[in-house]
Amino acid sequence: MQFSDIPFNKPVTKFFDPGIICNLTKFCGDGNYTEKCSRFIENRFQVKKCLMTTSCTHALEMAAILIDIQPGDEVIMPSFTFVSTANAFVLRGAKIVFVDVRPDTMNIDEKLIESAITSKTRAIVPVHYAGVACEMDTILEIANKYCLYVIEDAAQGVMSTYKGRALGSIGHFGAFSFHETKNYHCGEGGALLINSIQFNDRAEIIREKGTNRSRFFRGQVDKYTWVDIGSSYLPSEINMAYLWGQLEAIDNINQDRLKTWKLYLDGLSTLAGKGLIELPTPPHCTEHNAHMFYIKLKDLEARTKLIEKLKEQKIQTAFHYVPLHTSPAGQEFGFFHSNDNFTTKESERLVRLPLWYGMTTHEVQFVISSILESMKTF
Ligand SMILES: *Cc1c(COP(=O)(O)O)cnc(C)c1O
């Protein structure tokens, strides 16, 4: 069977009834659908408070404001991540301290964190790459020892767990993304998960342009006014109505993605057996959400060759990230602590395969057989 085109991602379009939009009576933020989405996340993931946001980027920015990051403060994170992880803190004047990743998960190497801590360190930002959990027990232990905040960048981790606990529910804060490239989406969207209740009130204010509007609507104050810094971090009801359909189908979507993930794992195991590629190895303490399936080639040259060959078959693949510490802004706003043993080397040989909700077995098998065929000459 031939396919005209295998895209890298197809954003979910099922589970949404356009009629819902016609029946909305409130289109701006914090209507019924925003409420439904936040309560769902609180209950399902055992989070004390969830505030829906316009993006994961904005959820991270809120966390940086909430912990009062000041110019000169240091924040520890991996360099192998999306720019927003760093930008959120740089906007408050922080210096970013990049720590190397573990090659098995591409997550921050928890064993290297402690030596990166100085008297200026304020927070650790573990990024759960590919929806596979960071070693959270160790990270929390270090954070407690040095009184640091932990903000989980769980953009890719919705529906994943670490030792049975939902990602995003473990640190002081967690940030989810509902961008169209993620497992559940509304085009652009996100959520801030707050696990320390002392931040709840201020978080509401920062999200509502620095006003106490939320308290006013609840009748807790008799007028609403400007009380703090803030921005407009609350999403439109239209986006939340779109997202709600997918949250209702969250298990269905998760199972479907996991099925595709396992097909890739089985189908490519012979290549791994021959030592031509490496497959992902999620640790036993984590249950992942099949956010992505990536393989690692021998080196950059082999990866470039495979991407080209798959492109000839009209199969789209993707790779990322250019390590932040090598980027112009990364050099200005941060530095790499100790040696870059794995970040650059491993990121250069990683390639992500097509994966979306509803991908057919035929489509997955076509990608697998194209890889097997392409790699005969490697
Ligand atoms: C997608 C992503 C983000 C940004 O999410 P937005 O909702 O697009 O702002 C941040 N961090 C990581 C690790 C991501 O994958």
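Below is a summary of the structure that appears in this document. If you're wondering where the values come from, they're calculated on a predicted model, not measured in any experiment. (Residues numbered from 1 in each chain as written. Predicted model: local features only at pLDDT ≥ 70, side-chain atom pairs only at ≥ 80, totals over all residues. Heavy atoms only, no water.)

### A closer look at the sheet that holds strand E3 (residues 95–99)
No. 1: One open sheet holds the 8 strands; their spatial order is E1-E9-E8-E5-E4-E2-E3-E12, and the pairing between them is mixed. Looking at the sheet topology across the chains shown, the edges are occupied by strand E1 (49–53) and strand E12 (334–336). Shown here is a sheet whose adjacent strand axes are inclined to one another by a mean of 25°, direction ignored.
No. 2: In the sheet, E1 pairs with strand E9 (residues 190–194) via 5 bridges, with the strands oriented antiparallel. Residue Leu51 lies in a different strand from E9, and its bridge partner there is Leu192.
No. 3: Helix H5 (residues 136–146) contacts strand E4 (121–124) and strand E5 (149–153) of the sheet and is inclined by roughly 150° relative to E5. (Pairing = 2+ DSSP bridges. Helix = DSSP H or I, 4+ residues; strand = E, 2+ residues; numbered from the N terminus. Axes fitted to C-alpha atoms, helices over the stretch in contact; angles between N-to-C directions. Contact = heavy atoms within 4.5 Å.)

### So, the site of the ligand
No. 1: Around the ligand, 15 residues are found, and the nearest of them are Thr57, Asp153, Gln156, Ser177 and Lys182.
No. 2: Contact between the ligand and Thr57: an oxygen atom at 2.4 Å from a side-chain N or O atom of the residue.
No. 3: Between an oxygen atom of the ligand and a side-chain N or O atom of Lys182, the distance comes to 3.3 Å.
No. 4: Counting atoms within 2 Å of the grid points, the majority share of the ligand lands in the largest pocket.
No. 5: Across the shell around the ligand, the residue classes tally to 5 nonpolar, 8 polar and 2 charged. (Near = heavy atom within 4 Å. Polar contact = N/O pair within 3.5 Å; in protein donor to acceptor, adjacent residues only side chain to side chain. 1 Å grid on protein atoms, 1.4 Å probe; cavity = no way out; pocket = protein on both sides within 12 Å on 5 of 7 lines; lining within 4 Å. Sits in = over half its atoms within 2 Å of the grid points. Nonpolar A, V, L, I, M, F, W, Y, C, P; charged D, E, K, R; others polar.)

### Here we look at the sheet that holds strand E6 (residues 161–162)
No. 1: Taken together, 3 strands build an open sheet; the order of strands is E7-E6-E10 and the sheet is antiparallel. What marks the edges here is a single partner per strand, and that holds for strand E7 (165–166) and strand E10 (286–287).
No. 2: Sheet topology note: the E6/E7 ladder contains 2 bridges and is antiparallel. Each residue of the ladder has a partner; that of Tyr162, found in E7, is Arg165.

### Some words on the nonpolar core
No. 1: With 49 residues, the main nonpolar core has Ile41, Phe45, Met52, Phe176, Phe178 and Leu243 as its most contacted residues.
No. 2: Contributions of two or more residues to this core are made by helix H2 (32–45), E1, E3, H5, E9, helix H8 (237–248) and helix H9 (250–267).
No. 3: In this structure, Ile65, Met77, Ala86 and Ile96 belong to the second largest nonpolar core, which totals 34 residues. (Core = buried A, V, L, I, M, F, W, Y, C linked by side-chain atoms within 4.5 Å. Buried < 20%, exposed > 50% of the residue type's maximum accessible area, 1.4 Å probe, protein only.)

### What to know about the environment of Ile170
No. 1: Mapped onto the secondary structure, Ile170 falls in the loop between E7 and strand E8 (173–177).
No. 2: Once residues lying within four places of it in the same chain are set aside, the contact partners of Ile170 are Met136, Leu140, Glu152, Tyr162, Arg165 and Asn195.

### Quick word on the pattern of salt bridges
No. 1: Within this structure, the stated rule accounts for 23 salt bridges.
No. 2: The closest approach of N and O atoms between Glu204 and Lys49, which form a salt bridge, is 3.4 Å. Pair noted here: Glu204 is in helix H6 (residues 200–207) and Lys49 is in strand E1, with a separation of 155 residues, a long-range link. One exposure class covers both Glu204 and Lys49, and it is buried.
No. 3: Via salt bridges that share partners, Arg102, Asp104, Glu110 and Lys111 belong to a single interconnected network. (Salt bridge = Lys/Arg side-chain N within 4 Å of Asp/Glu carboxyl O.)

### Digging into the environment of Cys186
No. 1: Within the element layout of this structure, Cys186 appears in the loop between E8 and E9.
No. 2: Its relative accessible area of 8% is what places Cys186 among the buried residues.
No. 3: Taking the C-alpha atoms as reference points, Cys186 and Asp228, 42 residues apart in sequence, are found 29 Å from one another.
No. 4: Not counting chain neighbours up to four residues away, the residues in contact with Cys186 comprise Phe178, Asn239, Met240, Tyr242 and Leu243.

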